[in-house]
Amino acid sequence: MQEAVYSVKLEEIIERFKLECVFCGENISDVMVESADINRPAMQVTGFYDYFDARRIQILGMVEHTYLQNQESWQREEKFRALFSKRIPALVVTRGLEIFEEMYPIAKEYNIPILRTQLSTSAFMSALISYLNVALAPRITRHGVLVEVYGEGVLLLGESGVGKSEAAVELVKRGHRLVADDAVEIKRVSSISLVGSAPEIIRHFIEIRGIGIIDVKRIFGVGSVKDNEKIDLVLNLEAWVEGKHYDRLGLVEEKTEILGIEVPSIVIPVKPGRNLAVIIEIAAMNNRQKRMGYNAAEALSQRLMEGIDKTRE
Amino acid sequence: MFSKEVLVCNQVGLHARPATFFIQKANEFKSGIWVEKDERRVNAKSLLGVLSLGITRGVNITILADGPDEELAVNSLVDLISSNFAE
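What you are looking at is a predicted structure, and each value in this text was computed from that prediction instead of being measured.

Glancing now at the overall build of chain A. Per the secondary structure count, chain A includes 10 helices and 19 strands. Computed over its C-alpha atoms, the radius of gyration of chain A comes to 27 Å, more than 25% above the 20 Å expected for a compact globule of 313 residues. Its C-alpha atoms give chain A principal-axis dimensions of about 85 × 60 × 35 Å. Expressed as a percentage of the 313 residues in chain A, the buried residues total 45%. Nonlocal contacts in chain A, meaning residues at least 24 apart in sequence, comprise 68% of its contacts between residues at least 6 apart. Put simply, chain A shows about 16700 Å² of open surface, and 50% of that area lies on carbon and sulfur atoms. Side-chain charges in chain A split into 39 positive and 45 negative, and the spacing between the mean points of these groups amounts to 4 Å.

Pasting the structure below:
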């Protein structure tokens, strides 16, 4: 289920980057892009097609353009035929460069869209890659609540009825932000980061037992919500079990795996009357401090060791 | 893990009140229960989760359960949907 292949409509890319449709082709709305990698066909225009991945968007920049300009017309025709016959999803010409006459009939023959941007090749490439990485990221829906607390993305997990939504409302009242309630769509946007958001239909709604559905954005204002947030910390809320051992020092760092990425996580025991919002705030700040290089549990342990060494002397 | 596919064929689909009946039923069981539609899987015990799938009339969904009463849970929920929530 997690390793499914995702795709994005070429039309969405055109819209996002305001690309000029030099040649649209037929049924452009059916063209899907499945690869987050892109290719500059410099090697290919010279005739080298080993390891060529036809699923990638091809980007024609100044190098390829200048090379092709110095070729005879029949050679250009041959080279475009070789490239377009691989059924690439689209060819993007950067820097607003001129379109070669030979491209049109061959693009038409193989129905390959030709697009153009005014951006420089490197700028367009980096923007497109980061966009595609998000659009094509592996994703999963988790039952939980995602809040942003002091700039940290905190994912609250736990059984239904443990108090995740109530804690979220309390956090919002204290000036933090709600990202998603009940269902959190998590995307692995890079090999080290996860980003969560709410499914569009239920975005910024929250369910409170006894009251029903409330609209957080309407009640608390635009400052109380956020569309997406990275996930820095996972808090597993569970009913307090008498006699169970809970972490007292915080020296051992637990991790929770989501989409193959290990995220720092803590088990928070929940008891009626325990102020969850404050505890979540502290957990977020402590995690932030750890990332910035200070670990309170380690510092305390260090101080103890120094004390022991001194008494030995 | 036990699962079954079911076609939603009541008037409004799994929205508003039918959805509340559905999650109420799901909450009666101990097992973990999920609803799956087009590769998106949500907790069947969560109202907003189920609503977020946007299940309309004529959509096929899969109900999955894992736990001590998984078979009973899936069958009861499938029956509830098949009976059109006794509309």
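Next comes the rest of the account.
Residues and elements named next belong to chain A. Inspection of the entire model under this criterion finds 1 cavity of 30 Å³ or more. By volume, the largest cavity is sized at about 110 Å³. Every residue lining the largest cavity is listed: His 143, Glu 159, Ser 160, Gly 161, Val 162, Gly 163, Lys 164, Ser 165, Glu 166, Asp 182, Glu 207 and Arg 209. By residue number, the principal contributor to the lining of the largest cavity is helix H7 (residues 164-173), which donates 3 residues.

This paragraph deals with the interface of chain A and chain B. Residue-level contacts link 16 residues of chain A with 16 residues of chain B. Our enumeration of links across chain A and chain B arrives at 1 salt bridge. Put simply, Arg40(B) and Glu185(A) hold a salt bridge, and the shortest N to O gap is 3.3 Å. There are 4 residue pairs in polar contact (both at pLDDT 80 or more) connecting chain A and chain B. Only strand E8 (139-143), strand E12 (183-188) and strand E14 (205-208) of chain A provide two or more residues apiece to the side of chain A that touches chain B. The dominant element in the side of chain A that touches chain B, judged by the number of residues it contributes, is E14(A), at 3 residues. Of the residues assigned to the side of chain A that touches chain B, the class counts are 9 nonpolar, 3 polar and 4 charged.

Sizing a probe to match a water molecule and rolling it over the atoms shows the empty space that remains. Of the pockets and cavities examined, the largest pocket occupies roughly 880 Å³. Along the wall of the largest pocket there are 29 residues; nearest its centre are Asp247(A), Arg248(A), Gly250(A), Ile266(A) and Val267(A). Elements that contribute at least two residues to the lining of the largest pocket include exactly strand E19 (261-270), helix H9 (276-291) and helix H10 (296-312) of chain A. Looking at the lining of the largest pocket residue by residue, the class counts come to 16 nonpolar, 6 polar and 7 charged. If you add up the space inside the second largest pocket, you get close to 600 Å³. Elements supplying a minimum of two residues to the lining of the second largest pocket: E8, E12 and strand E13 (194-197) of chain A together with strand E3 (40-43) of chain B. Looking at the lining of the second largest pocket, the element that brings in the most residues is E8(A), giving 3 residues. Counted by class, the lining of the second largest pocket contains 8 nonpolar, 4 polar and 10 charged residues.

On to the pairing of strand E18 (residues 254-258) of chain A, then. Relative to E19(A), E18(A) runs antiparallel, the two being bridged by 5 bridges. When the sheet's bridge partners are listed, Thr256(A) is paired in E19(A) with Val263(A).

It is worth spelling out the side chain of Ser197(A) at this point. With respect to the helices and strands, Ser197(A) occurs in strand E13. Not counting residues up to four positions away in its chain, the partners in contact with Ser197(A) are Leu146(A), Val179(A), Ala180(A), Ala183(A), Val184(A), Glu185(A), Asp227(A) and Asn228(A).

The subject of this paragraph is the packing of aromatic side chains. All names here are of chain A. On inspection of all chains with the given rule, the structure shows 6 aromatic pairs over all chains. Ring centres of Phe 17 and Tyr 131 lie 5.5 Å apart, and the angle between their planes is 85 degrees; on these two criteria the pair is classed as edge-to-face. You can see Phe 17 sitting in helix H1 (residues 10-17) and its partner Tyr 131 sitting in helix H6 (residues 121-135), a full 114 residues away along the chain. Phe 17 sits in the buried class, given a relative accessible area of 12%. Feature note: the residues Phe 17, Phe 124 and Tyr 131 constitute an aromatic cluster, connected by ring pairs. Across from the ring centre of Tyr 49, 4.9 Å away, lies the NZ or CZ of Lys 86, which sits over that ring. Geometry around Trp 240 places Lys 271 over its ring, the cationic atom sitting 4.2 Å from the centre.

So, how was this worked out
- Residues numbered from 1 in each chain as written.
- Chains lettered and ligands numbered in written order.
- Predicted model: local features only at pLDDT ≥ 70, side-chain atom pairs only at ≥ 80, totals over all residues.
- Heavy atoms only, no water.
- Helix = DSSP H or I, 4+ residues; strand = E, 2+ residues; numbered from the N terminus.
- Rg over C-alpha atoms; globule rule 2.2 N^0.38 Å.
- Buried < 20%, exposed > 50% of the residue type's maximum accessible area, 1.4 Å probe, protein only.
- Contact = heavy atoms within 4.5 Å.
- Areas by Shrake-Rupley, 256 points an atom, 1.4 Å probe, with all protein chains shown as cover.
- Lys, Arg positive; Asp, Glu negative; His and termini not counted.
- Charge placed at Lys NZ, Arg CZ, Asp CG, Glu CD.
- 1 Å grid on protein atoms, 1.4 Å probe; cavity = no way out; pocket = protein on both sides within 12 Å on 5 of 7 lines; lining within 4 Å.
- Points joined across faces, edges and corners; volume = space filled by probe spheres on them.
- Salt bridge = Lys/Arg side-chain N within 4 Å of Asp/Glu carboxyl O.
- Polar contact = N/O pair within 3.5 Å; in protein donor to acceptor, adjacent residues only side chain to side chain.
- Nonpolar A, V, L, I, M, F, W, Y, C, P; charged D, E, K, R; others polar.
- Pairing = 2+ DSSP bridges.
- Phe/Tyr/Trp six-rings, centres within 6.5 Å; stacked < 30°, edge-to-face > 60°.
- Lys NZ or Arg CZ within 6 Å of the ring centre and 35° of its normal.

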